[in-house]
Amino acid sequence: MSEQTGPGGFAQRIGAQVEDADDGGARIAFEVREEHLNPAGTVHGGVLATLVDTAMGQAVRTTTGEGEVPATSQLTVTYLRPGTPGPLVVTGRVRTRGAHLTVCEAEVEQDGEAVAHAVATFALLHR
């Protein structure tokens, strides 16, 4: 993808933009605003969890065939430092693609520093 597009659903509603998704990887841009903060004034963990899940889901979609739909079956997020208002970049990548399960990793960065790391397993549903 050469231009930003919304990922659809909830992630698009909060402002996530897919910058790139190809060959088992994806990059999402996100602008942290006041409504994304927790009472401590840092990025809410649920926002970060949504972003990593979305980036990894987009990465998996680049590897799926006709009728395959990725569904998150396990997600672990490690919060490394507080995020603040301003731009974030989230990258997701497929680590292992199986017939029924796919394992991914994602990183959230702000100002060149890691904010969160995530690992997820996606089940590949067949329609």
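What counts and how
Counting from 1, residues in each chain are numbered in the order their sequence is written. Per-residue local features of the predicted model are confined to residues with pLDDT of at least 70, and side-chain atom pairs are confined, for both listing and counting, to 80 or more; whole-chain, interface and lining totals are unaffected and use all residues. Excluding hydrogens and water, the side-chain figures rest on all heavy atoms present in the structure. UniProt positions are given in the numbering used here, feature names are shortened, and annotations may be inferred rather than shown by experiment. A pair of strands is considered paired only if DSSP assigns at least 2 bridges between the two. A helix here means a DSSP run of H or I that spans at least four residues, while a strand means a run of E at least two residues long, and both kinds are numbered starting from the N terminus.

The protein chain is annotated in an unreviewed UniProt entry as Thioesterase superfamily protein from Geodermatophilus obscurus. In UniProt, the protein chain has this text filed under Sequence similarities (unreviewed entry): "Belongs to the thioesterase PaaI family."

What follows is about the pairing of strand β4 (residues 86–97). Looking at chain direction, strand β2 (residues 25–32) and β4 are connected through eight bridges and run antiparallel. The partner of F30 across the bridge, within β4, is L88. In the sheet, β4 pairs with strand β5 (residues 101–110) via eight bridges, with the strands oriented antiparallel. Following the sheet pairing, G92 is matched in β5 by A106. Between β4 and the antiparallel strand that follows it, β5, lie three residues.

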